[in-house]
Amino acid sequence: MAEAFQPFSRVALIGIGLIGSSLAHNMKAHGLAQHIAITTRRAETLKRAEALGLGDSYHLEAADAVAGADLVILCVPVGSVGAVTKEIAASLAPGAIVSDVGSVKASVVKAMQPHLPENVHFVPAHPIAGTEQSGPDAGFLELFERRWCILTPVEGSDETAVERLKAFWTACGSDVEVMSAEHHDLVLAIVSHVPHLIAYNIVGTAADLEKVTESEVVKFSASGFRDFTRIAASDPTMWRDVFLNNREAVLEMLGRFSEDLASLQRAIRWGDGDSLFELFSRTRKIRREIIEAGQDTASPDFGRGPKHEVKQEG
């Protein structure tokens, strides 16, 4: 697929954390861009990106990076996209495709679209892949392989621009789906955002237990709790912004979860083994379907190799 891709002449990456650096690795490996311009607000991060050879030019000013770019991708927390878009708007080239990688889409559209000139193409995106690591050293070539990337084009989007970005993500190894921003946010609330919130909460609860010391929590942690700690180690800034910017969908899913949890409590209290068995059978089936869909493996390490622990990201 990558051989047939027509490379962009200049791609500007705004932010060079896990997603941005992984995109840089893919663009270099697959020839997806003739020039990669990298910008980030911290000089030390930019210096590290340069030391790793992630780009072709490095800029502290985002406006300098996007000048002449035919693809601009914001790889920053969703709470920052509005301010960044306002900063670069006047420097965007006519006909450029402007996108992002945020885990929330409706609020991103609301924050970015008012600042964008009419002569650019706005195609929001969300690659559903990640690890708990961050920074330019965290990126790697295989991050997007067999992972979904969801595009949420705004009303009136140019179909050629949408197909161009779709081809870009396909060349990075992703399977691409197109849906509305609102539907994306509802789906991700239940498959990613609420699970992350539960992980943060249960790890916090374990740390606060008076009758269980922190050393015992670490020493005797079983596989389920270890997986919760892995999820709860994700970037605090990113996840704070996710919950604040997708609050309606998250609260709706939390309400449903709370109702189901109450039913589970009643089944345990009244010794209703049949209800417990029925629930556990249904959830086991979901796990098998995820494996069959190629989104994980049944291997003992849950598909995580020794170097990178790839997971579906918010």
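For the structure, see preceding data.
Residues numbered from 1 in each chain as written. Predicted model: local features only at pLDDT ≥ 70, side-chain atom pairs only at ≥ 80, totals over all residues. Heavy atoms only, no water.

Engineer: Run through the overall build of the chain, naming residues and quoting values.
Structural biologist: On a plain count of helices and strands, the chain comes out with 12 helices and nine strands. The C-alpha radius of gyration computed for the chain amounts to 21 Å, which stays within 12% of the reference 20 Å derived for 314 residues, consistent with globular compactness. Referenced to the eigenvectors of the C-alpha coordinate spread, the extents of the chain come out at roughly 65 × 40 × 35 Å. Counting every position in the chain, which comprises 314 residues, the buried fraction comes to 44%. A fraction of 76% describes how many contacts in the chain between residues 6 or more apart in sequence connect residues 24 or more apart. By element, 55% of the accessible surface of the chain is carried by carbon and sulfur atoms, the whole surface being about 16400 Å². Computing the positive centroid from 30 side-chain charges and the negative centroid from 42, the chain places the two 5 Å apart. (Helix = DSSP H or I, 4+ residues; strand = E, 2+ residues; numbered from the N terminus. Rg over C-alpha atoms; globule rule 2.2 N^0.38 Å. Buried < 20%, exposed > 50% of the residue type's maximum accessible area, 1.4 Å probe, protein only. Contact = heavy atoms within 4.5 Å. Areas by Shrake-Rupley, 256 points an atom, 1.4 Å probe, with all protein chains shown as cover. Lys, Arg positive; Asp, Glu negative; His and termini not counted. Charge placed at Lys NZ, Arg CZ, Asp CG, Glu CD.)

Engineer: Let's hear about the packing of helix α11 (residues 247–269) against helix α12 (residues 273–292): which residues, and what values?
Structural biologist: As a packed pair, α11 and α12 sit with axes 8 Å apart at the nearest point and diverge in direction by 135°. Classified by the angle their axes make, α11 and α12 are oblique. On α12, the residues that touch L264, A267 and I268 of α11 are S275, L276 and L279. The residue makeup of the contact of α11 with α12, split by class, is five nonpolar, one polar and no charged. (Axes fitted to C-alpha atoms, helices over the stretch in contact; angles between N-to-C directions. Parallel < 35°, antiparallel > 145°, perpendicular 65-115°, else oblique. Nonpolar A, V, L, I, M, F, W, Y, C, P; charged D, E, K, R; others polar.)

Engineer: Residues and numbers for the sheet that holds strand β6 (residues 121–122), please.
Structural biologist: The strand order across the open sheet formed by six strands is β3-β2-β1-β4-β5-β6, and the pairing between neighbours is parallel. Sheet topology places β3 (57–59) and β6 at the edges, where each strand pairs with a single neighbour. The sheet contacts of helix α4 (residues 81–88) involve β1 (11–14) and β4 (71–74), and relative to β4 the element is tilted by about 150°. (Pairing = 2+ DSSP bridges.)

Engineer: Can you tell me about the sheet that holds strand β7 (residues 125–127), naming the residues and giving the values?
Structural biologist: The mixed open sheet is built from three strands, whose spatial order is β7-β8-β9. Of all the strands in the sheet, the pair left with one neighbour each is β7 and β9 (175–178). Recorded for the sheet is a direction-independent mean angle of 20° between the axes of neighbouring strands. As paired strands, strand β8 (residues 148–151) and β9 are joined by four bridges and run parallel to one another. Counterpart to W148 in the pairing with β9 is D175. Against the sheet, helix α6 (residues 159–171) contacts β7, β8 and β9, and its axis sits at roughly 165° relative to β8.

Engineer: With reference to specific residues and values, describe the nonpolar core.
Structural biologist: Counting residues in hydrophobic clusters, the biggest one holds 40 residues, and the most contacted among them are L13, L23, M27, L151, F168 and W169. Every element with two or more residues in this core is listed here: β1, α1 (18–30), β2 (36–39), α2 (43–51), β4, β8 and α6. Examining the composition of this core, we find that six residues originate from one element, α6, more than from any other. The residues touching M27, leaving out its near neighbours within four places in the chain, are V11, L13, L32, A33, I36 and F168. (Core = buried A, V, L, I, M, F, W, Y, C linked by side-chain atoms within 4.5 Å.)

Engineer: So what's going on with the packing of aromatic side chains? Which residues, and what values?
Structural biologist: By the definition in use, this model includes six aromatic pairs. Plain terms: the ring middles of F144 and W169 are 5.2 Å apart, the flat faces sit at 85° to each other, and that makes the pair edge-to-face. Placement of F144 in the loop between β7 and β8 and of W169 in helix α6 is noted, with a sequence separation of 25 residues between them. Judged by its relative accessible area of 1%, W169 falls in the buried class. With a centroid separation of 5.8 Å and an interplanar angle of 85°, the aromatic rings of F168 and W169 are classed as edge-to-face. Residues F168 and W169 agree in their burial class; the two are buried. (Phe/Tyr/Trp six-rings, centres within 6.5 Å; stacked < 30°, edge-to-face > 60°.)

Engineer: Go over the environment of A12, please, and point to the residues and values.
Structural biologist: Its location among the elements puts A12 in strand β1. Counting along the chain gives 27 residues from A12 to T39, while the straight-line C-alpha distance between them is 7.5 Å. Filtering out sequence-adjacent residues up to four positions away, A12 remains in contact with A37, A65, V66, A69, L71, V72 and I73.

Engineer: Can you lay out the pattern of salt bridges for me, pointing to particular residues and giving the numbers?
Structural biologist: Considering all chains together, one arrives at eight salt bridges under this definition. R42 is the salt-bridge partner of E44, the closest N and O atoms lying 2.7 Å from each other. When its relative accessible area of 45% is taken as the criterion, R42 is described as partly exposed. (Salt bridge = Lys/Arg side-chain N within 4 Å of Asp/Glu carboxyl O.)

Engineer: Help me get a handle on unusual backbone geometry, residues and values and all.
Structural biologist: Positive phi is not limited to glycine here, since R146 has a value of about 60°. With respect to the helices and strands, R146 occurs in the loop between β7 and β8.

Engineer: Can you lay out the environment of Y200 for me, pointing to particular residues and giving the numbers?
Structural biologist: Along the chain, Y200 turns up in helix α7 (residues 181–208). With 31 residues separating them in the primary sequence, Y200 and I231 have C-alpha atoms 7.7 Å apart. Filtering out sequence-adjacent residues up to four positions away, Y200 remains in contact with I231, A232, S234, D235 and W239.

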